[in-house]
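What follows is each chain in one-letter form.
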Amino acid sequence: MAYGGYLFRFGDYTIPGRYIDADGVNIAPNRRLDQNSYSDGDGTLQRNTLKHTRTTVEFTTGTLYESEMDELTEGIVRNYINPLERDAMCSYYDMENRSYKTGHFYLDSNMEWNPGGTAGNELLYKPCKFSFVEY
């Protein structure tokens, strides 16, 4: 399946492309996980690669008005399965396989919102980085 018009959907909320800085998108699909890998006596790595892979999806916003940041944040928050974990079932475009995949992701706890002034009666937010990590 080819690209279908979005990069990331958190629950049923499709992150609007207009809020994503095109130069600030990083998708690391299908990162391999190792367990008990080691180097043998000759120094050759002996990998024990697990079947489960982990994807990370990161994007940076442009400067957003408060109403835009509210839409983005509310779309994410209303889809939390567990608010303590900030998690949801998500779909993303896997560039390695050129198809959409679904996985259980959480919003990284290092998330920072960056207010940077006002415009009229609204806060302005400087670019913010959203990082979503697959379990």
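Residues numbered from 1 in each chain as written. Predicted model: local features only at pLDDT ≥ 70, side-chain atom pairs only at ≥ 80, totals over all residues. Heavy atoms only, no water.

(A) Representation of the sheet that holds strand 11 (residues 122–125). Across the sheet, three strands lie side by side as 7-11-10; this open sheet has antiparallel pairing. Since the sheet does not close on itself, it has two edges, and those belong to strand 7 (64–65) and strand 10 (115–119), each with one partner. Sheet topology places strand 7 next to strand 11; two bridges connect them, and they run antiparallel. Within the sheet, the bridge partner assigned to Tyr-65 lies in strand 11 and is Leu-124. (Pairing = 2+ DSSP bridges. Helix = DSSP H or I, 4+ residues; strand = E, 2+ residues; numbered from the N terminus.)

(B) Expanded view of the nonpolar core. Of all hydrophobic cores here, the largest spans 24 residues; its most connected members are Phe-8, Phe-10, Ile-15, Leu-72, Ile-76, Phe-130 and Phe-132. Counting only elements with at least two residues in this core, the list comes to strand 1 (8–10), strand 3 (20–34), strand 6 (49–61), helix 1 (66–77), strand 8 (87–94), strand 9 (99–107) and strand 12 (129–134). (Core = buried A, V, L, I, M, F, W, Y, C linked by side-chain atoms within 4.5 Å. Buried < 20%, exposed > 50% of the residue type's maximum accessible area, 1.4 Å probe, protein only.)

(C) Highlighting the state of the cysteines. The full count for this structure, using the stated rule, is zero disulfides. In this model Cys-90 remains outside any disulfide bridge; the closest cysteine sulfur is found in Cys-128, 19 Å from its own. Using a relative accessible area of 1% as the deciding quantity, one classes Cys-90 as buried. Given the relative accessible area of 1%, Cys-128 is considered buried. (Disulfide = S-S within 2.5 Å.)

(D) Summary view of the pairing of strand 10. Bridge count between strand 10 and strand 11: three bridges; the pairing is antiparallel. By the bridge assignment, Thr-118 is partnered in strand 11 with Leu-123. The hairpin turn running from strand 10 into strand 11, its antiparallel successor, is two residues long, and Gly-120 in that turn takes a positive phi close to 65°.

(E) Representation of the sheet that holds strand 8 in the model. With antiparallel pairing, seven strands are arranged side by side in an open sheet as 2-1-8-9-12-6-3. Two strands lie at the open edges of the sheet, namely strand 2 (13–14) and strand 3, each paired on one side alone. Bridge analysis of strand 1 against strand 8 gives three bridges, and the strand direction is antiparallel. Looking across to strand 8, one finds that Arg-9 is bridged to Ser-91.

All we've got here are geometric facts, nothing functional implied.
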